[in-house]
Amino acid sequence: MILITGGSGLVGSHILLDLLKQGQEVRALFRPQSNLERVQKLFSWYGPEAGALFGNIQWVQADLTDLPSLEDAFRGVSEVYHCGALISFDPRDADRLLKTNLEGTRNVVNLCIELGISHLHYTSSIAAVGGLRELNTEEDHWDPSHTNVYATSKYLAEMEVWRGAQEGLQTTIVNPGIILGPGFWHTGSGRFFLRAAKGARVAPPGGTGFVGVWDVVRALGELKAAGRYNERFILVAEHLEYRDLLTRIALKLGAPVPKAVLGKLQLEALWRMDWVRVRLGGGKRRLSRAMARSLNHPVRYSSEKIKLALGFEYQSIETVLDRCIENFSPCREDSQSS
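Below is a short write-up of the structure. What you see as residue numbers is a count from 1 along each chain, following the sequence as written. Selection of residues for local features in this predicted model requires a pLDDT of at least 70, selection of side-chain atom pairs for listing and counting requires 80 or more, and totals for whole chains, interfaces and linings are taken over all residues. With hydrogens and water set aside, each side-chain value is computed from the structure's full complement of heavy atoms.

**Describing the packing of helix H9 (residues 242-253) against helix H13 (residues 317-325)**
- Each axis is a line fitted through C-alpha atoms, taken for helices only over the stretch in contact, and angles between the N-to-C directions span 0 to 180 degrees. For helices the rule is a DSSP run of H or I covering at least 4 residues; for strands it is a run of E covering at least 2, with both sets numbered from the N terminus onward. For the pair H9 and H13, the least separation of the axes is 11 Å and the interaxial angle reads 45 degrees. On the basis of their axis angle, the class for H9 and H13 is oblique. The element H9 and its partner H13 pack so that their crossing is right-handed. For the pair H9 and H13, the contacting residues are Leu245, Arg248, Ile249, Lys252 and Leu253 in the first and Ile317, Glu318, Leu321, Asp322 and Ile325 in the second.
- Residue classes in the contact of H9 with H13 are distributed as six nonpolar, no polar and four charged. Throughout this description, any angle smaller than 35 degrees is read as roughly parallel, any larger than 145 degrees as roughly antiparallel, any in the 65 to 115 degree range as roughly perpendicular, and the remainder as oblique. Handedness of each helix crossing follows the sense of rotation of the near helix against the far helix: counterclockwise by less than a right angle gives left-handed, clockwise gives right-handed. Residue contacts follow a heavy-atom distance rule, with two residues in contact if any of their heavy atoms lie within 4.5 Å. Under this grouping Gly is polar, as are all residues other than the nonpolar Ala, Val, Leu, Ile, Met, Phe, Trp, Tyr, Cys and Pro and the charged Asp, Glu, Lys and Arg.

Quick look at the structure:
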């Protein structure tokens, strides 16, 4: 039995589909607010045979921070794909991020060790890699002076996985860039498609590394097959400016392309206005000081390690965008988080 945390999210749902196609027996965690119908629709987009596989998933309601429910879910499991996480860049969510991403990962690692589970495959993020070098690699040291609350929580979660490796657990860590994939249009990278479809006139500055969800799943599978454990691997297919990404999507959708990019002074004003908006009226931060700083100081990431280790070749982002847009229909899902 293989367990997937975050099975109702973009990466987790694609790992489920891949394992089911291999004939594996799978169990997936979900929370009460998870949108399982969205996962079922995603499966159906890959054809009737894939759609029929959804019924083979053993869904278990559990929270990463609730040990009793986790213990039941982990019993009888041989390996774990840990994809569950909270994503937020709002400084006010620091405690929630640490509880879900750090404490939740600690619980996963401890249960793997306690129950004799052999393998743990952890999907982290490039947010947890290095600092502000011109080209960051897996070997760069963490720089806590240039970070945000989400990145910190993912870095600390990785430390728990490394602890598990020191205690005999066979682990793999992948650090993907922004993961592009279909079906989750109201969360994460799906918002790029929504924004482009609405004809975004202004793009944020800077850019980052991107990768297709199919390459993340394939990388995990190939690393497992090659026995590459107790290592981390950056997964970045291409680096793109945000304006370039939005322009590509808009052109494919027949929508207006961005005509301008926000300047540094505009960003400085916007994050301050956003702070005042939240202080006076509540709601979530849309642009924090750390986010504005990262937009003005983009960094690049090397994915040469996995290329050299496996001869790994990425799908081009152009192909990834085409595959996403084949099924772009935001009315197919609601705005619930996974």
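**Considering unusual backbone geometry**
- In this structure, asparagine 230 is a non-glycine residue whose phi angle is positive, near 55 degrees.
- Within the secondary structure, asparagine 230 sits in the loop between helix H8 (213-225) and strand E11 (231-235).

**Thoughts on the sheet that holds strand E5 (residues 119-123)**
- Strands pair, by our definition, only if DSSP identifies at least two bridges between them. Pairing in this open sheet of seven strands is parallel, and the strands run E3-E2-E1-E4-E5-E7-E11 from one edge to the other. Single-partner strands in this sheet number two, and they are strand E3 (58-61) and E11. Taken over all neighbouring pairs, the strand axes of this sheet differ in orientation by 20 degrees on average, direction set aside.
- Here helix H4 (residues 67-74) sits on the sheet and contacts strand E1 (2-5), strand E2 (26-30), E3 and strand E4 (79-82); the angle it forms with E2, its principal contact strand, is near 165 degrees.

**Regarding the sheet that holds strand E12 (residues 238-241)**
- In space, the three strands of this open sheet follow the order E8-E10-E12, with mixed pairing throughout. Unpaired on one side and paired on the other, strand E8 (178-180) and E12 mark the two borders of the sheet. For this sheet, the mean angle separating the axes of adjacent strands, direction not counted, is 45 degrees.
- Direction of pairing for E8 relative to strand E10 (residues 207-212): parallel, over a ladder of three bridges. Looking across to E10, one finds that leucine 180 is bridged to glycine 212.
- On the sheet, H13 packs against E8, E10 and E12 and is oriented at approximately 50 degrees with respect to E8.

**Some points on the nonpolar core**
- We call a set of buried Ala, Val, Leu, Ile, Met, Phe, Trp, Tyr and Cys residues a nonpolar core when their side-chain atoms join them within 4.5 Å. Whether a residue is buried, partly exposed or exposed follows from its accessible area with a 1.4 Å probe, protein chains only, as a fraction of its type maximum: under 20%, in between, or over 50%, in that order. Ile4, Ile15, Ile57 and Phe193 are the most contacted members of the largest nonpolar core, which has 66 residues in total.
- If we ignore the near neighbours within four places in the chain, the residues touching phenylalanine 193 are Leu180, Trp185, Ile249, Leu253, Leu321, Cys324, Ile325 and Phe328.
- Core analysis: the next-biggest nonpolar cluster, separate from the first, contains 22 residues, Met1, Leu64, Val77 and Leu120 among them.

**Considering the pattern of salt bridges**
- By definition, a salt bridge exists where a carboxyl oxygen of Asp or Glu is found within 4 Å of a side-chain nitrogen of Lys or Arg. Counted under the stated rule, the structure contains 18 salt bridges.
- The residue glutamate 222 makes a salt bridge to arginine 218 at a minimum N-O spacing of 3.3 Å. Residue glutamate 222 and its partner arginine 218 are located together in helix H8, separated by four residues, close to a single helical turn.
- For arginine 218, a relative accessible area of 31% corresponds to the partly exposed category.
- Here lysine 252 ties to aspartate 322 by a salt bridge, and the two come within 2.7 Å at their closest N and O atoms. Remark: aspartate 322 occurs in helix H13 and lysine 252 occurs in helix H9; sequence separation between them is 70 residues.
- Using a relative accessible area of 37% as the deciding quantity, one classes aspartate 322 as partly exposed.
- Bridged by salt links that share partners, the residues Asp244, Arg248, Lys252, Glu318 and Asp322 form one connected network.

**Quick word on the pairing of strand E7 (residues 170-176)**
- Most of E7 is tucked away, with six of its seven residues classed as buried.
- Pairing analysis gives five bridges linking E5 to E7, with the strands arranged parallel. Within E7, the position partnered with threonine 123 by the bridge is valine 174.
- With five bridges joining them, E7 and E11 adopt parallel strand pairing. Bridge pairing in E11 links valine 174 to phenylalanine 233.

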